[in-house]
Amino acid sequence: FPTDQIRTELRAQLQRVTDAGVTIDYVDSHKHLHKFPVFAKLLPEVLADFGIERVRRVQNQFEGPTLTRATVWLDRVWKERITTAFTSTDHFFMADGTETNDWWNRVPLDLGGSLEVGTHPGAKEAWRANEQRGLDALAVRLRDRGIVPSSWRDVAV
């Protein structure tokens, strides 16, 4: 792998965000690219330069069958890789096919520990708007159970 190029690109992306005045509370990557060894090796070095101590764990809570998902089989390895170097949540859930289902009713709330519920930003496309409706419905479900949502800033380092 072109380690130097990956390091340079990671730094450039983080620098661009911070130069725009955005405070980075945590890092994740599209399709959890950060779970792979070359990225996992570089992240502690690069993120330390930006004072970033939190990284999203690899998804470990799913809808539907799990035995065919590589993430389920490799969760222990990927979790250790991330949590050895960074602070993260205990669990991560992201729904499948959010454009047509009531995914917010299947978010597991009795896992113990912290749970991140992932969604995509924006509302332009119908599926993104459904995710927002789902978040609104999930907020009601959480409130009804006495659970107070928090942000990544609340995840203690």
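Residues numbered from 1 in each chain as written. Predicted model: local features only at pLDDT ≥ 70, side-chain atom pairs only at ≥ 80, totals over all residues. Heavy atoms only, no water.

1. As for helix 4 (residues 126-144)
Given a rise of 1.5 Å per residue, 19 residues ought to cover 27 Å, and the 27 Å separating the end C-alpha atoms of helix 4 matches this to within 8%. Following helix 4 by one or two positions, G146 adopts a phi angle in the positive range, close to 75°. (Helix = DSSP H or I, 4+ residues; strand = E, 2+ residues; numbered from the N terminus. Expected span 1.5 Å × (residues − 1).)

2. Section: the side chain of D25
Considering the arrangement of structural elements, one finds D25 in the loop between helix 1 (3-19) and helix 2 (37-49). There is a polar contact of 2.9 Å between the side chain of D25 and the side chain of R153. (Polar contact = N/O pair within 3.5 Å; in protein donor to acceptor, adjacent residues only side chain to side chain.)

3. Focus on the pattern of salt bridges
Opposite charge on two side chains permits them to pair, given that their charged atoms come into close proximity. Scanning the entire structure with this criterion turns up ten salt bridges. Of the charged contacts in the structure, one is a salt bridge between D4 and R7, with a shortest N-O distance of 2.9 Å. Linking D4 with R7, this pair stays in helix 1, spanning three residues, or about one helical turn. Several salt bridges converge on common partners, so that one network encompasses D4, R7, R11, E45 and D49. (Salt bridge = Lys/Arg side-chain N within 4 Å of Asp/Glu carboxyl O.)

4. Considering the confidence of the model for the protein
In the predicted model, the protein carries a mean pLDDT of 87, and the fraction of residues at 70 or more is 97%. When pLDDT is averaged over each helix and strand of the protein, the minimum, 81, is found for helix 3 (residues 70-85) and the maximum, 95, for helix 1. (pLDDT = per-residue confidence, 0-100.)

5. A word on the packing of aromatic side chains
Tallied over the entire structure, the rule returns three aromatic pairs. Between the aromatic rings of F36 and W78, the centroid separation amounts to 6.2 Å while the plane-to-plane angle is 75°, which identifies the pairing as edge-to-face. Taken as a pair, F36 in the loop between helix 1 and helix 2 and W78 in helix 3 lie far apart in primary sequence, 42 residues in all. You can call F36 partly exposed: its relative accessible area is 36%. Look at W103 and W104: their rings are 6.0 Å apart centre to centre, the planes differ by 75°, and that puts the pair in the edge-to-face class. Just as W103 is buried, W104 falls in that class too. (Phe/Tyr/Trp six-rings, centres within 6.5 Å; stacked < 30°, edge-to-face > 60°. Buried < 20%, exposed > 50% of the residue type's maximum accessible area, 1.4 Å probe, protein only.)

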